[in-house]
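Per-entry structural report
What follows is the residue order along each chain.
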Amino acid sequence: MNRITVLVDFSEHSKNLVNFAFGLSESIKAKVLFIHKYTSMVPGMTDQDTRDEIMRTNKEEAHAKLWKLVKNRVFSEDSIHVSPKPILTILNELKADRYFDWVLAGLKGTGALKRLFIGSTTVSIIDNSDHLTIAVPINMPISIPRKLLVGVNPLFPLNQHQFSNMLRTLAGKVQEVEFFSIVKDGENEDKAKDQLNRLRKEYDAYNSSISLFKGEDAFNGLKAYLEKTPDSFLVLQQGSRSLQDKLFRKFMINELVYSGQTPLIVISK
């Protein structure tokens, strides 16, 4: 069973993220679970009874706020979850074999994001979670993609099990899949082509195609190409060079996802 886990921070863009979650859940017949991590500022010298009261009050306030955000759209208490624990801990505790989990998180243009896309909760999930993660720019309406642009590299084999599960779930929604590689000067272009052609044949049911971006201007070429495909999501794999190499990471996330307004799906290793 599909389950969409939505990370809500109560920012001004949370409503947009919630709307996308409900739209996606209707399309893939998924249960939706909304999560909020709350914090409690407790003075160091506070006695235990007062500390417990502050924590209880903060939890109740967070619960009420989250319930109000999704009011009249969910009708069960098990659809919302508030906790003071780290997000990764919450996700791991909620993991269940009966669910294929989609984690939905928003990206905000903070200073840190502008510089190198490090240090945020969403990035921590992308780096360390084994869930399929959708990271979306949250200052724009989001719709289910018609096309997936999948970045691959011969050194990092595609997790085809999770990728194929995702495609089966989105059957009838995703109409095209395009695999692409970025080849730096001096890298083996033939290996990249072999991988791309193999994937194109395996996924030909999705009108698959391939692209290769080469040389010093590869990044700009990819960015210009993405700008011409507005109904697409970018798909990258956890641990791949696109997310590990700092230069690739900065470009892929800052330029394409945040500035370019292209939602990102990250599949696990």
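Scroll up a little and you will see the structure.
Per chain, the residues get numbers from 1 upward, laid out in the order the sequence is written. For a predicted model such as this one, the threshold for reporting local features is a pLDDT of at least 70, and the threshold for listing and counting side-chain atom pairs is 80 or more; totals across whole chains, interfaces and linings nevertheless cover every residue. Processing note: side-chain calculations cover all non-hydrogen atoms of the structure and skip hydrogens and water entirely.

With respect to the nonpolar core
By size, the foremost hydrophobic cluster in this structure holds 46 residues, and its most contacted members are Phe34, Ile134, Leu148, Phe163 and Phe179. Runs of E in the DSSP output that reach at least two residues are strands. Runs of H or I that reach at least four are helices, and both are numbered from the N terminus. Top element by residues in this core is helix α1 (residues 14-28). It accounts for seven residues. If we ignore the near neighbours within four places in the chain, the residues touching phenylalanine 34 are Val6, Val8, Val18, Ala21, Phe22, Leu66, Val70, Val74, Ser79, Ile80 and His81. Take the buried residues of types Ala, Val, Leu, Ile, Met, Phe, Trp, Tyr and Cys, join any two whose side-chain atoms come within 4.5 Å, and each joined set is a nonpolar core. Buried means the residue's accessible area, taken with a 1.4 Å probe over protein chains only, is under 20% of the maximum for its type, while exposed means over 50%, and partly exposed covers the values in between. With 13 residues, the next largest nonpolar core counts Phe180, Ile182, Phe213 and Ala218 among its residues. Any two residues whose heavy atoms approach within 4.5 Å are treated as being in contact.

Overview of helix α7 (residues 189-202)
Helix span, as expected, comes to 1.5 Å for every residue beyond the first. Across its 14 residues, α7 extends 20 Å between first and last C-alpha, which sits within 8% of the 20 Å expected from 1.5 Å per residue. For α7, the set of buried residues is Ala192, Gln195, Leu196 and Leu199. For α7, the arc enclosing every buried residue in end-on projection is 95°, short of the 170-degree limit, so these residues lie on one face. Exposed positions of α7 whose direction lies more than 90 degrees from the buried face are Asp190, Asp194 and Lys201. The secondary structure elements touched by the buried residues of α7 are α6 (160-169), β7 (176-183) and β8 (209-214). Identification of polar contacts relies on pairs of N or O atoms within 3.5 Å, with a donor-acceptor requirement for protein atoms, meaning one able to donate a hydrogen and the other able to accept it, and with residues adjacent in sequence counted only if both atoms are side-chain atoms. Put simply, asparagine 188 is the residue that caps the front of α7, since its side-chain oxygen is 3.0 Å from the backbone nitrogen of aspartate 190. Along the arc lie the directions from the helix axis toward the C-beta atoms.

Overview of α1
Across its 15 residues, α1 extends 21 Å between first and last C-alpha, which sits within 8% of the 21 Å expected from 1.5 Å per residue. Two residues or fewer after α1 comes lysine 29, characterised by a positive phi angle close to 55°.

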